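So the chains spell out like this:
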Amino acid sequence: MPSSSTLGTTALVLVIGMLVSGVCNTILNKFQDMQCVGNCDDPDPKKRHYFEQPIWQTLNMFVGEFAVWSVYIYQRHQAKRQIANIPPSTVNQMDASALVDAIDNDIAKNESNLIELTGWKTLLFWIPTMCDLLATTVMNVGLILTSASVYQMLRGAVVIFTGIFSYLFLNRRLRYFEWISLVMVVLGVGIVGLSSVLFPQNRPSSSSESSEFDYGSLVGVFLVLGAQLFTASQFVIEEKIMSRYKVTPLKAVGLEGTFGLFSVLAAIPILHFTLAGQYPTFDMVQGYHDFFDHAAVWQTGLAISISIAFFNWFGLSITSSISATARSTIDACRTLFIWMVSLFLGWESFSWIQVVGFVVMVTGTFYFNGVLKWPFVKEEDESERAPLLRNQDTEQ
């Protein structure tokens, strides 16, 4: 049996690996957006064309998730250990980790009664895959219009929608202090979004930083926030599936990667023939040349796919063994590191409003996940938890 020090070292390596791969994912996506693909010799930055292909970036993500099959096949072959049922969406967004723990405990209690997910039933995962596809594509558009740190901070809004959807569809009773926490998250997200609009950041297409009201950033903020509706929907649908069927999270990620890969490849020609004339972003031929004719773009795309594959592997390896407190802290650190790297690279300037918004949002998330305790909450109230999933006997 491994010693406690060995287990501690392994957990530390996994946490560091998850942080590094998670930070690289967002930074590399933003770096790819900043690559010039046309009229690069023009002295006027506004006349240059940059890589703005959110569909191709979504394809990058699903290629990374599809690569998880190699690990799944290897583990099936080795059959040395079994991973607990941790929903795939929690790897990408750990802000709602208190909800995740509650659902996971419920699933664990009923695991022996679950039916193995096989055959045509695996197509059920196509539903959350479509939510993931829409969320990722919309967020990629938002990332083009706003900074990497604001993008990552705004993704924390998923805890708001996940909490509300869990209340509406998973029958989880949110206690009054949890609602207070969600209000804090809403306030923090609003402040972060405001900082992005009032203090626009440097973009490749601008010669200098502007202090004017940035309508593009405002659109980017709303796009990233709106995408969290799809992310929260993905979370809830995955929970419903995994509460009824037995499926390992690694297989679930592989299924979503496969379905997503086929969906994007099928959507690219459809969007090309229907929308390319009006929106060049959906031009399949132009997107192909933008991606493969420029080494920096396709090499970054490869790195993105690799970082996503590692991020999923690290996340699935540690999510079942650490607490909601640790997961929430890791996600906050990931956002902080993305911000620090962006500042170091000169992609954005320091803003105290953004600092305040980030602190308020993280504080609300910490209170929601139990990292911090409200002084007016009694211990029995804190430990009380209503059923998160509907009783099987009451569902028809």
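Caption draft 1: View of the overall build of the chain. Within the chain one finds 16 helices and 4 strands. Buried positions account for 52% of the 396 residues belonging to the chain. Counting only contacts in the chain whose residues sit at least 6 apart along the sequence, the fraction spanning at least 24 positions is 83%. Total accessible area computed for the chain in this model is approximately 18500 Å², and 65% of it derives from carbon and sulfur atoms.

Caption draft 2: View of the nonpolar core. Counting 27 residues, the largest nonpolar core has Leu154 and Val189 as the members making the most contacts within it. Where this core is concerned, the elements lending two or more residues are helix H6 (126-145), helix H7 (148-154), helix H8 (158-169), helix H9 (176-198), helix H10 (215-242), helix H14 (324-344) and helix H15 (352-369). Ranked by residue count, the leading element in this core is H15, at 6 residues. Apart from residues lying up to four places away in sequence, Val189 is in contact with Leu154, Ala157, Leu225 and Met361. Listed in part, the 15 residues of the second largest apolar core include Phe51, Met61, Leu133 and Ile308.

Caption draft 3: Up close: the confidence of the model for the chain. Mean pLDDT for the chain: 77, with 77% of residues reaching 70 or above. When pLDDT is averaged over each helix and strand of the chain, the minimum, 50, is found for helix H5 (residues 97-109) and the maximum, 92, for helix H12 (residues 284-292). In this model, residues 96-101 is a region of pLDDT below 50 whose contacts with residues beyond four sequence positions or in other chains number 25 contacts. Here residues 384-396 scores under 50 on pLDDT; set against residues more than four positions off or in separate chains, the count is 30 contacts.

Caption draft 4: Geometry of unusual backbone geometry. Despite not being glycine, Asn39 shows a phi value in the positive range, around 55°. Structurally, the position occupied by Asn39 is in the loop between strand E1 (36-38) and strand E2 (49-50).

Caption draft 5: Quick look at the side chain of Thr146. Examined against the element boundaries, Thr146 turns out to sit in the loop between H6 and H7. We classify Thr146 as buried; its relative accessible area is 5%. Not counting chain neighbours up to four residues away, the residues in contact with Thr146 comprise Lys30, Tyr151 and Ser196.

Caption draft 6: Spotlight on the packing of aromatic side chains. Evaluated as defined, the whole model comprises 9 aromatic pairs. With a centroid separation of 4.9 Å and an interplanar angle of 65°, the aromatic rings of Phe291 and Phe292 are classed as edge-to-face. Where Phe350 meets Trp352, the ring centres are 5.0 Å apart and the plane angle is 90°; that geometry is what we call edge-to-face. By relative accessible area, which is 61% here, Trp352 ends up exposed. Among the aromatic residues, ring-to-ring pairing joins Phe51, Trp56, Tyr288, Phe291 and Phe292 into one connected group.

Caption draft 7: Main features of the packing of H6 against H10. Look at H6 against H10: their axes get within 8 Å of each other, and the N-to-C directions meet at 160°. On the basis of the axis angle, H6 is roughly antiparallel to H10. For the element pair H6 and H10, the recorded crossing hand is left-handed. Class assignment for the residues of the contact of H6 with H10 results in 16 nonpolar, 8 polar and 2 charged.

Caption draft 8: A look at H15. Look at H15: 26 Å from first C-alpha to last across 18 residues, which is about the 26 Å you get at 1.5 Å a residue. Within H15, 13 of the 18 residues are buried, which leaves it mostly tucked inside the rest of the structure. For H15, the side-chain oxygen to backbone nitrogen distance between the N-cap and Ile353 is 3.4 Å, and the N-cap itself is Ser351.

Caption draft 9: Geometry of the environment of Ser233. Looking at the element boundaries, Ser233 is found in helix H10. Distance in space between the C-alpha atoms of Ser233 and Phe161 is 8.4 Å, their sequence separation being 72 residues. When neighbours within four sequence positions are excluded, Ser233 is seen to be in contact with Cys131 and Phe165.

The rules we used
Residues numbered from 1 in each chain as written. Predicted model: local features only at pLDDT ≥ 70, side-chain atom pairs only at ≥ 80, totals over all residues. Heavy atoms only, no water. Helix = DSSP H or I, 4+ residues; strand = E, 2+ residues; numbered from the N terminus. Buried < 20%, exposed > 50% of the residue type's maximum accessible area, 1.4 Å probe, protein only. Contact = heavy atoms within 4.5 Å. Areas by Shrake-Rupley, 256 points an atom, 1.4 Å probe, with all protein chains shown as cover. Core = buried A, V, L, I, M, F, W, Y, C linked by side-chain atoms within 4.5 Å. pLDDT = per-residue confidence, 0-100. Phe/Tyr/Trp six-rings, centres within 6.5 Å; stacked < 30°, edge-to-face > 60°. Axes fitted to C-alpha atoms, helices over the stretch in contact; angles between N-to-C directions. Parallel < 35°, antiparallel > 145°, perpendicular 65-115°, else oblique. Left-handed = near helix turned anticlockwise from the far one by under 90°. Nonpolar A, V, L, I, M, F, W, Y, C, P; charged D, E, K, R; others polar. Expected span 1.5 Å × (residues − 1). Polar contact = N/O pair within 3.5 Å; in protein donor to acceptor, adjacent residues only side chain to side chain.

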